[in-house]
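Report on the structure
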Amino acid sequence: MIHLYSFNTPNSYKISIALEEMGLPYQSHPVDVRQGQHMQEEFLQLNPLGKVPVIRDDDTGMVLAESNAILLYLAERTHQLLPSDGPSRALIFKWLFFQASTLGPMFGELGHYMVLAKEKIPYAVERYSVETRRILGLLDEHLAKCEFLEGSYSIADIAHFGWLEFLRQRGIPLGECKSLTRWMDTIASRPAVMRGMRIPLPVRG
Ligand SMILES: N[C@@H](CCC(=O)N[C@@H](CS)C(=O)NCC(=O)O)C(=O)O
């Protein structure tokens, strides 16, 4: 049995979606980051950095944080959603690193300065808006040439989807990005994605 410690956040959704897609049995343990549960001793023993998601795998004893590392672990454990070798595997790794090092931080900072920051800092909003638009443009151009980020549907698509939904939910218009919107609608209509997006709470809280 896999235990998933997560909340309704973009990085957490990756794992609930992947578990649903792969048909792996799992138990969900909500960690309410709004209430500070991610900084409580019990959770810090799983991830000393205090960030969700984390998994604990009873079968292997593995405790793992970092959402894209978890995606790779699950894909390799099930031989699903990641080719075992070849150029496509390397390109999926490229998208996973791009998502973790560029897209996630830029979108996260934009969300922070637009919504959460106590003090409005126009320079920060402008900087992260420009970076976000660059990233959206890159994805839109790429997806105009292919159905999924690399080859067939993979953990690379899963890694990006929750973050793009996060932008949509914050009212950042993606309307001009027609290919990106087409890709998002395709992914959003998958039953496993719909189930995964309701974990751990049925609606975004
Ligand atoms: N690089 C980490 C980032 C994890 C992360 O930032 N998680 C957020 C939710 S999406 C979190 O736990 N935030 C609470 C905090 O930073 O205090 C990953 O990909 O798992």
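Residues numbered from 1 in each chain as written. Predicted model: local features only at pLDDT ≥ 70, side-chain atom pairs only at ≥ 80, totals over all residues. Heavy atoms only, no water.

**A word on the state of the cysteines**
With the rule as written, the count across this model stands at zero disulfides. Of all cysteine sulfurs, the one in Cys-177 lies closest to Cys-146, which takes part in no disulfide; the gap is 15 Å. (Disulfide = S-S within 2.5 Å.)

**Comments concerning the sheet that holds strand β4 (residues 63-65)**
Strands sit in the order β2-β1-β3-β4 across an open sheet of four strands; the sheet is mixed. The sheet is open, and its two borders are formed by β2 (26-30) and β4, each paired with just one other strand. Taken over all neighbouring pairs, the strand axes of this sheet differ in orientation by 20° on average, direction set aside. Here strand β1 (residues 2-6) pairs with β2 via five bridges, running parallel. Its bridge partner being in β2, Ser-6 is matched across the sheet by Pro-30. The strands touched by helix α1 (residues 10-22) within the sheet are β1, β2 and β3 (54-57), with β1 carrying the most contacts at an inclination of about 155°. (Pairing = 2+ DSSP bridges. Helix = DSSP H or I, 4+ residues; strand = E, 2+ residues; numbered from the N terminus. Axes fitted to C-alpha atoms, helices over the stretch in contact; angles between N-to-C directions. Contact = heavy atoms within 4.5 Å.)

**Topic: the packing of aromatic side chains**
The relation between two aromatic rings is expressed through the spacing of the ring centres and the mutual angle of the planes. Following the criterion strictly, the structure yields five aromatic pairs and no others. Where Tyr-113 meets Tyr-128, the ring centres are 5.8 Å apart and the plane angle is 10°; that geometry is what we call stacked. Of this pair, Tyr-113 sits in helix α4 (residues 87-116) while Tyr-128 sits in helix α5 (residues 122-143), placing them 15 residues apart in sequence. The class of Tyr-128 is buried, set by a relative accessible area of 16%. With a centroid separation of 5.2 Å and 70° between ring planes, the pair formed by Trp-163 and Phe-166 is classed as edge-to-face. One end of the pair is Trp-163 and the other is Phe-166, both in helix α6 (residues 155-169) and three residues apart, which spans about a single turn. Each member of the pair, Trp-163 together with Phe-166, is buried. (Phe/Tyr/Trp six-rings, centres within 6.5 Å; stacked < 30°, edge-to-face > 60°. Buried < 20%, exposed > 50% of the residue type's maximum accessible area, 1.4 Å probe, protein only.)

**A short note on the site of the ligand**
If you check the shell around the ligand, you find Thr-9, Asn-11, His-38, Lys-51, Val-52, Pro-53, Glu-66 and Ser-67 and nothing else. Ser-67 is positioned such that a nitrogen or oxygen atom in its side chain is 2.6 Å from an oxygen atom of the ligand. Relative to its free-state accessible area of 510 Å², the ligand is covered by the protein chains to the extent of 71%. Residue composition of the shell around the ligand, by class: two nonpolar, four polar and two charged. (Near = heavy atom within 4 Å. Polar contact = N/O pair within 3.5 Å; in protein donor to acceptor, adjacent residues only side chain to side chain. Areas by Shrake-Rupley, 256 points an atom, 1.4 Å probe, with all protein chains shown as cover. Nonpolar A, V, L, I, M, F, W, Y, C, P; charged D, E, K, R; others polar.)

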